[in-house]
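Secondary and tertiary structure notes
Next come the chains, spelled out residue by residue.
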Amino acid sequence: MSAELDKWVESQEHQVPLDAKGKIIDYLNPDVRRENTPEERIRQKMTVALVEELGYPKAFIALERTINIGTEKKRADIVIYADELACAENNQGKILIIGEVKAPSIKAPDGQGVSYIAAATSAQGGFWTNGSTIIFYRKDPNTGNIINWLGLPKYGHGWDSIGHLKKSDLIVPVDLKIAFKRCHNAMYRTGIDSEDVALDMVRIILAKLEDESSSKDDCDFSITPDEYGDPKLKSLACGRVQALFKVVRDRFPDVFTSHEKITASDDQLAIVISQLQQYAFMDAPHDVIGTAYEVYVASHLKGERGQFFTNRLAVNMMVRMLNPTEKDVILDPSCGSGGFLITAMNYIFGKIDNSNRTPNAKEVLKRNVVHQLFGVDISPKLVKIAKANMLLGKDGHGGIERGNSLDDINKLTATFRERAGAGMVSMILTNPPFGAGYDIRIKEPNILRHFAAGRVWNVDDDGVFRYEERLNSKVGVAPELLFLERCVEWLKPGGVLGIVMAKGQLDNREALAVRNRVLSTCKLLAVVNLHEDTFEPFCGSKASVIFLKKLNNKEVVGDYPIYMAISNKIGQTSRGEPIYKRDSEGNPVIKSGCFVLDEDLSDIAEDYHKFVAGELVESEFRFSIKRSDLKSDSLSFNPIQYLPKHNAAFEHVLLLGESDDFQLHRLGDIATVFNGPRFKRPYAEIGVTSGPTIRKYFTGTALTQLNSDNIKYLDEQRASKQVLKNLEALTIYKGYILISDSGTLGRVTYALQQHDGHVATNNLIRVVIEDRYLRGYVYEFLKSETGQSLMLKNAYGTNQEHLEPDVIAEIPIPIPRDEKLIKKIGKSVLESIESLELSIASNLTAERTLAELLGVNQ
């Protein structure tokens, strides 16, 4: 995988929470902050697994504990003790397990961890990991030798339980993505098609599920340390798993060929078995397996042939907006690995589970639903992946078929056409290949002849669209335009469509005839512009989603409202790293024990249903227009063309984001934005300005004064433990961008050297940006007339008396794609700051010199 995909896969794993300063909030003790290093992130994830999956009590675990090795004292990364008291006292005589954690760049252990295990007389074993690789050790109870093992025992279980598993011993997984990543590392082979590696993983997962569903209490999907260490016994263990897959293969001949098998070698397969054997896949929520599977498959299969992974948040939004029921026949004509179908199925299952039906009635409905899901894809391997994905759910694989959805529908099998042929589908959800590149455009005459969009067209003087017999085979047609036309054809009257499109097709000349045709055959329900990072790191294309309802042949609709929305945050950076919602102090928001992604697609879906009910409170990002408002010359569907007119600054910035010269990022996506807690200030005695417990305190006014006349002083001796924490949270550092949230609203200042490490009022919103040139650019933008308008008029309103960090975080920042321009502006700003600091220093020197000359105390 590429470095970008590696980062994306890592970002999908259990996330390590960060505080407002970017430090890790310790899992064992949330009051402790740790440096945000790759090694520490891995250690935190391992600690979560030890507690949440293996069941070791938090109170038994400690980080960075001293281990005595002869006369030397070493520090172990993770230590598990026999009980809480031993942990509290660091009782080396009651250590059970020792873990050594290294950064991903360290590829192999150096023996340090083994020496720790050997030195702790009570230690039973331990592990070494760099995140992608994990090695387990056990201390032989008879000889004391340290030997390789296949895992750690669950809390309360013995080391010999590894590989000797009962169904009742299996662990409900919290997060399988780390395990799947290690499986990938074991199975990947140079020169092997990545799709084949992904298919092998599918076969292994299905073998695991087959084992769990059998009536036997013992697990066949297992491998003991003895089996792992003996080639013959290893082959027998792998043979058990091959036999499990054979049962699945023979049961589903429409998915797998008669000679198909797991192609991984025994050595590779044994590693995968050892990584997955402890988990209960059947007891896990579908999302746990499904998401891990999706991440694994996406990392192998996307980015080829114009395909890329569809952001789960975008899929969820589309499903929620179309609101499928158990009565719908649902199709994805470009189904890939089946993500839309699985999401729609789970959405309907949720509605059934929450209904007042009897348990039997619910199960009957669910069995019916899985046979109303249909998908088509041109790739035979993706079809197999999609079928397997459906098998992981509730076995709706029979509706997946290989085919070219842009070819004649009648070429699909008769069985498929009988259930999901043209005019029979009530809902389509899809993200077809899209793009304007010459290579991806459709030029084949045998395809283009089936579509009005495939023919050359023009508009006469009366505004009538005229189609010629000539096909547009020389230049070709963007595939998403053909898919849009085909989807409308495929729907039955009254059916609805949600389709991802290149954003340019909303208002460009090429798609004008298609938009005209859509408006004559469909009701335009909604258009959502997606954030430009929605498909990163797989694809940087700007995209939108169009929602349509197909009209009856004789149906005539008058003027009607259309929902328009612009996504301003997608919960991730362009590298796929997550962005979490944060409270006013800059700490991540936790809901139901999970960190909440800072995204607005959920709100967009919710507001759509308010729009349908006539209850939408319109805003700059979500509003409605009338069908008659569509521009008559361009028939533009682009929400940006219809922004509420009272927000000129916002419209100007969004139009910049539409250009090729800028990329638009929400301030909260590129910066940490917070203001800190309110608290009772522990002022120092009058006249006291120095001392070991005295801290400078900058008011909003003092920050703007070069001589800091209004500076005040606090005394930590007068502060409670909570207030001391508040002081730490309110400490500012050089380079912070500071925005006043009361009084003179929106005043922007830059923390100088004289402010570094001192306390500032909570009435200043902190904006922290690591990249120094980007920081300078953003500082200058926020001071500009446009930036001030966005803070005070657009994002905030006219009757408010305070600014809030979440409001400031919403401000869209137009960032030049040319990094040289960012550097040029940022560098100029930083040079001006340095000149200002030199001027302040020179002025202070002059004041002191004069005071000394005059004999005056300063």
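Since we're looking at a predicted model, the values are computed, not measured.

To continue, consider the overall build of the protein chain. When you go through the protein chain residue by residue, the secondary structure sums to 27 helices and 31 strands. A total of 858 residues make up the protein chain; the buried ones form 55% of that total.

Okay, unusual backbone geometry next. With the exception of glycine, most residues fall at negative phi, and the peptide bonds are largely trans. Despite not being glycine, N90 has its phi angle at roughly 50°, a positive value. Looking at the secondary structure, you find N90 in the loop between α3 (84-89) and β5 (95-101). In this model, N323 sits at a positive phi of 55°, which is unusual for a non-glycine residue. In this fold, N323 is placed in the loop between α11 (312-322) and β9 (330-332). Judged by its relative accessible area of 31%, N323 falls in the partly exposed class.

Paired through backbone hydrogen bonds, the strands of a sheet run either parallel or antiparallel to each other. The strand order across the open sheet formed by four strands is β25-β24-β29-β26, and the pairing between neighbours is mixed. Looking along the sheet, the strands with just one partner apiece sit at the ends: β25 (712-715) and β26 (731-732). Bridge analysis of β26 against strand β29 (residues 758-760) gives two bridges, and the strand direction is antiparallel. Directly across from T731, in β29, lies its bridge partner V759.

What follows is about the sheet that holds strand β30 (residues 764-768). The four strands are arranged β23-β30-β27-β28 in an open sheet whose pairing can be described as antiparallel. Each edge of the sheet is formed by a strand with only one pairing partner; in this case those strands are β23 (672-674) and β28 (748-750). Each adjacent strand pair in this sheet contributes to an overall mean axis angle of 20°, direction not counted. Summarising the sheet, strand β27 (residues 737-740) and β28 pair through three bridges and their orientation is antiparallel. Across the sheet, I737 pairs through a bridge with Y750, a residue of β28.

Going through the model one piece at a time under the given rule, you end up with 42 salt bridges. Residues D218 and K166 are paired through a salt bridge, measuring 2.6 Å at the closest nitrogen-oxygen approach. Separated by 52 residues along the polypeptide, D218 in the loop between α6 (194-213) and α7 (225-229) and K166 in the loop between β8 (146-149) and α5 (177-187) bring together distant segments of the chain. Residue classification places K166 among the partly exposed positions, given a relative accessible area of 33%. A network of salt bridges, in which partner residues are shared, links D26, R34, E40, R43, E64 and D77.

Going through the model one piece at a time under the given rule, you end up with twelve aromatic pairs. Between F374 and F416, the aromatic rings sit 5.6 Å apart at their centres with planes inclined by 80°, giving edge-to-face as the arrangement. Of this pair, F374 sits in strand β10 (residues 373-377) while F416 is found in helix α15 (residues 414-420), placing the two residues 42 residues apart along the sequence. Across the pair, F416 and F374 agree in class, each one buried. Each residue in the set Y56, F60 and Y155 is aromatic and connected to the rest through ring pairs, giving one cluster. Its guanidinium or amino end placed over the ring of W149, R138 lies 4.9 Å from that ring's centre, counting from NZ or CZ.

The subject of this paragraph is the environment of D600. By secondary structure assignment, the location of D600 is in the loop between β20 (594-595) and α19 (601-612). On the basis of relative accessible area, D600 is assigned to the buried category, the value being 4%. Beyond its immediate stretch of four places on either side in the chain, D600 contacts I566, S567, N568, K569 and R622.

The next subject is the confidence of the model for the protein chain. Put simply, the protein chain has an average pLDDT of 85, and 90% of its residues get 70 or more. Looking across the protein chain, the model is least confident in helix α1 (residues 3-11), with a mean pLDDT of 51, and most confident in strand β12 (residues 425-430), with 97. The low-confidence segment residues 302-307, where pLDDT is below 50, has 17 contacts with residues more than four positions distant or belonging to other chains. For residues 794-800, every residue scores under 50 in pLDDT, and the model assigns this stretch 17 contacts once sequence neighbours within four places are set aside.

The next thing to look at is empty space enclosed by the protein. Scanning all chains against the criterion turns up three cavities of 30 Å³ or more. When its volume is computed, the largest cavity comes out at roughly 200 Å³. In terms of lining residues, the largest cavity is bounded by 16 residues, among which K503, L530, S567, L654 and L664 are the most central. Looking at the lining of the largest cavity element by element, the count peaks at four residues for helix α20 (residues 648-658). Residues belonging to the lining of the largest cavity are distributed by class as follows: seven nonpolar, five polar and four charged.

Scoring rules and cut-offs
- Residues numbered from 1 in each chain as written.
- Predicted model: local features only at pLDDT ≥ 70, side-chain atom pairs only at ≥ 80, totals over all residues.
- Heavy atoms only, no water.
- Helix = DSSP H or I, 4+ residues; strand = E, 2+ residues; numbered from the N terminus.
- Buried < 20%, exposed > 50% of the residue type's maximum accessible area, 1.4 Å probe, protein only.
- Pairing = 2+ DSSP bridges.
- Axes fitted to C-alpha atoms, helices over the stretch in contact; angles between N-to-C directions.
- Salt bridge = Lys/Arg side-chain N within 4 Å of Asp/Glu carboxyl O.
- Phe/Tyr/Trp six-rings, centres within 6.5 Å; stacked < 30°, edge-to-face > 60°.
- Lys NZ or Arg CZ within 6 Å of the ring centre and 35° of its normal.
- Contact = heavy atoms within 4.5 Å.
- pLDDT = per-residue confidence, 0-100.
- 1 Å grid on protein atoms, 1.4 Å probe; cavity = no way out; pocket = protein on both sides within 12 Å on 5 of 7 lines; lining within 4 Å.
- Points joined across faces, edges and corners; volume = space filled by probe spheres on them.
- Nonpolar A, V, L, I, M, F, W, Y, C, P; charged D, E, K, R; others polar.

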